[in-house]
Amino acid sequence: MTLTTGAAALLDNFSLEMTARDAPELPGAAKVLPAHTRVNVTFLATESLAERVAGAKAVLAAGLTPVPHIAARRLTSTDELRQVLGALRDANASGSVFVVGGDPATPEGPFASARDVIETGLLPEFGVTHVSISGYPEGHPDIPDDVLWRELEAKSAALAEQGIESTIITQFGFDEAPILEWLRELRARGISAPVRLGLPGPAGVKRLLGFARRFGISSSAGIVKKYGFSLANLVGTAGPERLIDQLADGLDPTVHGDVAVHFYTFGGVEATSQWVHNYLA
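As a starting point, this report considers the structure included with it. Please read all numbers here as calculations on a predicted model, not as lab measurements. (Residues numbered from 1 in each chain as written. Predicted model: local features only at pLDDT ≥ 70, side-chain atom pairs only at ≥ 80, totals over all residues. Heavy atoms only, no water.)

1. Brief notes about the overall build of the protein chain
And then number 1: The number of helices and strands found in the protein chain is 12 helices and 10 strands.
And then number 2: Considering only contacts within the protein chain whose residues lie at least 6 apart along the sequence, 79% involve residues at least 24 apart.
And then number 3: Surface exposure of the protein chain reaches about 12,200 Å², of which carbon and sulfur atoms provide 50%. (Helix = DSSP H or I, 4+ residues; strand = E, 2+ residues; numbered from the N terminus. Contact = heavy atoms within 4.5 Å. Areas by Shrake-Rupley, 256 points an atom, 1.4 Å probe, with all protein chains shown as cover.)

2. Some words on the packing of aromatic side chains
And then number 1: Evaluation of the coordinates by the stated rule reveals 7 aromatic pairs.
And then number 2: For the pair Phe263 and Trp275, a centre-to-centre distance of 6.0 Å together with 70° between the ring planes defines the contact as edge-to-face. In this pair, Phe263 is assigned in strand 10 (residues 259-264) and Trp275 in helix 12 (residues 269-280), connecting sequence segments 12 residues apart. The burial state of Phe263 is the same as that of Trp275; both residues are buried.
And then number 3: Ring geometry for Tyr264 versus Phe266: centroids 6.1 Å apart, planes at 20°, classification stacked.
And then number 4: For Tyr264, a relative accessible area of 10% gives the class buried. (Phe/Tyr/Trp six-rings, centres within 6.5 Å; stacked < 30°, edge-to-face > 60°. Buried < 20%, exposed > 50% of the residue type's maximum accessible area, 1.4 Å probe, protein only.)

3. So, unusual backbone geometry
And then number 1: Here the phi dihedral of Asn13 falls at roughly 65°; this positive angle occurs in a residue that is not glycine.
And then number 2: At His36, a residue that is not glycine, the phi angle is positive and equals roughly 70°.
And then number 3: Summarising the element assignment, His36 is placed in the loop between helix 2 (26-30) and strand 2 (38-41).
And then number 4: Given a relative accessible area of 58%, His36 falls into the exposed group.

4. A closer look at the nonpolar core
Within soluble globular proteins, side chains that are nonpolar generally end up buried alongside one another.
And then number 1: Judged by nonpolar contacts, the single largest core of 65 residues is most densely connected at Leu123, Val131, Ile168, Leu186, Ile244 and Phe263.
And then number 2: The element that contributes the greatest number of residues to this core is helix 7 (residues 176-188), accounting for 5 residues.
And then number 3: Non-local contacts of Leu186, meaning those with residues more than four positions away in its chain, are made with Trp149, Leu152, Ile168, Ile191 and Val195.
And then number 4: Counting 10 residues, the second-largest nonpolar core is a separate cluster that includes Phe98, Ile169, Phe174 and Tyr264. (Core = buried A, V, L, I, M, F, W, Y, C linked by side-chain atoms within 4.5 Å.)

5. Section: the pattern of salt bridges
And then number 1: Taken as a whole and judged by the stated rule, the model has 11 salt bridges.
And then number 2: Here Arg74 and Asp103 are joined by a salt bridge, their closest N and O atoms 3.8 Å apart. One end of the pair, Arg74, is in the loop between strand 3 (65-71) and helix 4 (78-90); the other, Asp103, is in the loop between strand 4 (96-100) and helix 5 (114-118), with 29 residues separating them in the sequence.
And then number 3: For Asp103, a relative accessible area of 60% puts it in the exposed group.
And then number 4: Measuring nitrogen to oxygen at the nearest pair gives 3.7 Å for the salt bridge that ties Glu108 to Arg74. Placement of Glu108 in the loop between strand 4 and helix 5 and of Arg74 in the loop between strand 3 and helix 4 is noted, with a sequence separation of 34 residues between them.
And then number 5: With a relative accessible area of 18%, Arg74 lands in the buried category.
And then number 6: Each of Glu153, Glu181, Arg184, Glu185 and Arg189 takes part in salt bridges that share partners, so that together they form one network. (Salt bridge = Lys/Arg side-chain N within 4 Å of Asp/Glu carboxyl O.)

6. So, the sheet that holds strand 5 (residues 130-135)
And then number 1: Strand order in the closed barrel formed by 8 strands is 1-2-3-4-5-6-7-10, and the pairing between neighbours is parallel. With strand direction ignored, the average angle separating the axes of adjacent strands in the sheet is 30°.
And then number 2: Across 6 bridges, the pairing between strand 7 (residues 195-200) and strand 10 is parallel. In the strand pairing of strand 10, Val195 is matched with Val259.
And then number 3: Strand contacts of helix 6 (residues 145-161): strand 5 and strand 6 (165-170), with the helix running at about 175° to strand 5, the strand carrying the most contacts. (Pairing = 2+ DSSP bridges. Axes fitted to C-alpha atoms, helices over the stretch in contact; angles between N-to-C directions.)

7. Some words on the environment of Thr46
And then number 1: When you line up the elements, Thr46 lands in the loop between strand 2 and helix 3 (49-61).
And then number 2: Thr46 gets classed as exposed once you look at its relative accessible area, which sits at 63%.
And then number 3: With residues up to four places along the chain from it excluded, the contact list for Thr46 reads Arg21 and Glu51.
And then number 4: Side-chain polar atoms of Thr46 contact the side chain of Arg21, separated by 3.1 Å. (Polar contact = N/O pair within 3.5 Å; in protein donor to acceptor, adjacent residues only side chain to side chain.)

8. So, the side chain of His130
And then number 1: Relative to the helices and strands, His130 resides in strand 5.
And then number 2: Discounting chain neighbours no more than four positions away, the residues touching His130 are Arg38, Gly95, Ser96, Val97, Ile164, Glu165, Ser166 and Thr167.

Dropping the structure here:
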């Protein structure tokens, strides 16, 4: 496969995602990742704060940049938010964070959304200078589009008012058409923050379809069409080469703005890192 100039540019300064339990893979991944690559550390309910902080420390130790997640709806109090931010600051990992709503249908404390956390004004107090927020090019199964846009605009404005840089990281997708249209709408609404487009890293076909169903993204038939495999044969691994090429062909900086790629490492941190290295090479 020939790497196009557009695809190479799209993959410049890519980022990826891990959980704290993926930390043992970091030394191998770091061998092929550019220094200071941004690595998001997710906020899983099954992991303690100490484990998540240890994951962020492992990212730092590997010569990479940690971006810990803060899940608003999982925080039980403002004091817990302070505890989380303080622990990250003490680990030298509070500079960049990703503030998300989180999974619980009912908030476990006073924060119903990422916006609520941002509007506390506490983030700069703990050394946060850059905040990533979520975007949903293919929509959200439980949140209407008008609400998604309203919240995105409000979060962007709140961060700007506090002098905090922002980046939008999108939920992973499989289809370039809604992604490109969403980017066009984003810029038309006056939101100029850089965007990191969420793409699934190489993973087993069954695993990819399972995540797609879980998050309400695309249809199995649509994924099959884009990735070029058959529902009758779900053996093997699928990578995002075709989607990257299609995005690169369709992106226009004058319309879509500053865009990079964020990999969801469903097939593993080390495997995804090696795949990007090989693809770029």
